[in-house]
Structures are given as structure tokens and as C-alpha cells.
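# Working through the structure, step by step
Each chain, written out:
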Amino acid sequence: SAAFRQLLARHGIVQSLSRPRQCWDNAVAESFFATLKTELVYRQPLPTRSAARQAVFEYIEVFYNRQRSHSTIGFVSPAQYERLFLNRAAIEAAYESAREAVRLAVGVAGALQYAHKQGIIHRDLKPDNILMQEGQPLLGDFGIALAVSNAGGARVTQTGLSLGTPQYMSPEQA
């Protein structure tokens, strides 16, 4: 009514109305309040505002969110749905992390393959020697053994001589 709208306006309240012919805008809220009335309010006396407040709180927090199954979310409670959703999100994040690790490993393998085709052997492959450029792995630190070899004239990457970081060396080097 016009009087009701004027009362709301005087108190700075904006009325929430559905758009014309859009009956489902408030359907979720309408459904919730219908369920609350049917399952709680009409089944027991609520003699005081405090009793009503406590009963509504317990209904929502103890029963509705944690125990009552909901058809719109696969007949589980909202709390169960949230756990399932979070578990799924964690699984998807782990899957994406694994996919990213595989993508990086393939990139490193490709970089090693390219180096080997150039006659260069990388004997100290470790995280510190993998550089990222535009999301792609690049290998660094190829030149230490070669530079030492060239400076001394002797081959330094041979059995019995360790040059590099032992934790990341191949078994035959360490």
C-alpha cells in the first residue's frame, strides 16, 4: 500500500520487491520461511520473544544447517554440502598442482633434451637452476663444469670427482 511505502521511506528503508513477473526472485527466502513455520513455529508454543529467539537459533544452527537434508543440494545438509564442496575444491587444487608439476617437469625435460642435442650435459639439476620465464622453465648453471674444464684444460666431470650439489646429483656422480 502507499501508506506502507511512505512509512518505509520515512525510515530510510528500501523495500525488496520482485521484478514484474519474476516470482522466483524471493523463492529461496519464501521457501525457507515456510519451512521454518511448518517445522518449528506451528509445532510448539513460543511464549516469549526470548524463547522464540532461542528456538529459531537452535532450529537453524543445530537442525536446519547440520542435520536436515535439502533436496536442492543432493539431499545432504548444508554443513555436509559445504564439507563436500571444500573437499572437492581441495582435490581440484591438488589436481591442478599436480598438472602444473607435470607441465613444469615436461618443460624441464624439453630443456634438457635441447641441451643434450647441443652436446651439453647438465650435471647439477636442482630447483635453484630452474628459472621461469613467461611461465616456462629454463635451465641455468650449465657452464660451471665446462668453464672449469676449459680453464684447467682437464675434464672435471668424470667418475670420482664431484662438482655440484650432492643432494641433486645423479647416483653415479655423488
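The structure we're discussing is the one just above.
To keep things clear, this report deals only with the structure shown in the data block.

The rules we used
- Residue numbering note: each chain is counted from 1, following its sequence as written.
- Reporting in this predicted model follows two pLDDT cut-offs: at least 70 for local features of residues, and 80 or more for side-chain atom pairs to be given and counted; totals over whole chains, interfaces and linings ignore these cut-offs and use all residues.
- For the side-chain quantities, the full set of heavy atoms in the structure was used; hydrogens and water were omitted.
- Elements are defined by DSSP. Helices are runs of H or I of four residues or more, strands are runs of E of two residues or more, and each kind is numbered from the N terminus.
- Any pair of residues with heavy atoms lying within 4.5 Å of one another is described as a contacting pair.
- All accessible-area figures derive from a Shrake-Rupley calculation using a 1.4 Å probe, and residue coverage is judged against the displayed protein chains alone.
- Throughout, an axis means a line fitted to C-alpha atoms (over the contacting stretch in the case of helices), and angles, computed between N-to-C directions, take values from 0 to 180 degrees.
- Each angle gets one of four labels, with under 35 degrees taken as roughly parallel, over 145 as roughly antiparallel, 65 to 115 as roughly perpendicular, and the rest as oblique.
- Classification convention: Asp, Glu, Lys, Arg as charged; Ala, Val, Leu, Ile, Met, Phe, Trp, Tyr, Cys, Pro as nonpolar; all other residues, Gly among them, as polar.
- Any two rings among Phe, Tyr and Trp, with Trp reduced to its six-membered ring, count as a pair given centres within 6.5 Å; such a pair is stacked if its planes are under 30 degrees apart, edge-to-face if over 60, and tilted if neither.
- For the exposure calls, accessible area comes from a 1.4 Å probe over protein chains only, and a residue counts as buried if that area is under 20% of its type's maximum, exposed if over 50%, partly exposed in between.
- We define a salt bridge as a contact between a side-chain nitrogen of Lys or Arg and a carboxyl oxygen of Asp or Glu at a distance within 4 Å.
- Here the rule is simple: two strands pair whenever DSSP picks up at least two bridges between them.
- Within the patch definition used here, like charges are joined within 9 Å and nonpolar side chains (Val, Leu, Ile, Met, Phe, Trp, Tyr) within 5 Å, considering only residues with over 30% relative accessible area and no salt bridge.
- Definition of nonpolar core: a set of buried residues of the types Ala, Val, Leu, Ile, Met, Phe, Trp, Tyr and Cys, connected through side-chain atoms within 4.5 Å.

What follows is about the overall build of the protein. Of regular secondary structure, the protein possesses five helices and two strands. Listing each helix as α and each strand as β along the protein from the N terminus yields α-α-α-α-β-β-α. At a minimum sequence separation of 6, the contacts of the protein that also span at least 24 residues come to 30%. Surface accessibility of the protein: about 13500 Å² in total, with carbon and sulfur atoms responsible for 58%.

Let us look at the packing of helix α2 (residues 27-39) against helix α3 (residues 49-64). Relative orientation of the contacting elements α2 and α3 amounts to 100 degrees, with a least axis distance of 11 Å. One finds that α2 runs roughly perpendicular with respect to α3. Together, Phe32, Thr35, Leu36 and Glu39 of α2 and Tyr59, Ile60, Phe63 and Tyr64 of α3 make up the contact between the two elements. Residues belonging to the contact of α2 with α3 are distributed by class as follows: six nonpolar, one polar and one charged.

According to the stated counting rule, one finds four aromatic pairs in the structure shown. When the ring of Phe32 is compared with that of Phe33, the centres are 5.2 Å apart and the planes differ by 70 degrees; the resulting orientation is edge-to-face. Taking the relative accessible area as the measure of exposure, Phe33 reaches 46% and is therefore partly exposed. Between Tyr59 and Phe63 the ring centres are 5.7 Å apart and the planes differ by 45 degrees, which places this aromatic pair in the tilted class. Placement of the pair is Tyr59 and Phe63 together in helix α3, with a separation of four residues, close to one helical turn.

Let's shift gears to the pattern of salt bridges. Applying the stated rule across the entire model yields four salt bridges. In this structure, Glu61 and Arg66 form a salt bridge, with 3.7 Å as the shortest nitrogen-oxygen distance.

The next subject is the pairing of strand β2 (residues 136-139). Within a regular beta strand, the side chains point alternately toward one face of the sheet and then the other, so they alternate between its two faces. Across the two faces of β2 the burial differs, with Pro137 and Leu139 buried and Gln136 and Leu138 not buried at all. Taken together, the four bridges between strand β1 (residues 130-133) and β2 define a ladder with antiparallel strand orientation. Pairing of Gln133 across the sheet is with Gln136, part of β2. Hairpin connection, β1 to β2: the antiparallel pair is bridged by two residues, and Glu134 has positive phi, about 50 degrees.

Once that is clear, we can look at a nonpolar patch on the surface. On the surface, Tyr81, Phe85 and Leu86 cluster together into a nonpolar patch covering about 320 Å² of accessible area. Position of Leu86 among the secondary structure elements: in helix α4 (residues 78-117). According to the relative accessible area criterion, Leu86 is partly exposed, its value standing at 49%.

Quick look at the nonpolar core now. The biggest cluster of nonpolar side chains holds six residues, and these are Phe32, Leu36, Leu40, Ala55, Tyr59 and Tyr64. Going through the elements one at a time, α2 and α3 are the ones with two or more residues in this core. For this core, the element with the highest residue contribution is α3, accounting for three residues. Each residue touching Tyr64, except ones within four places of it in the same chain, is listed here: Phe32, Thr35, Tyr59, His70 and Pro78.

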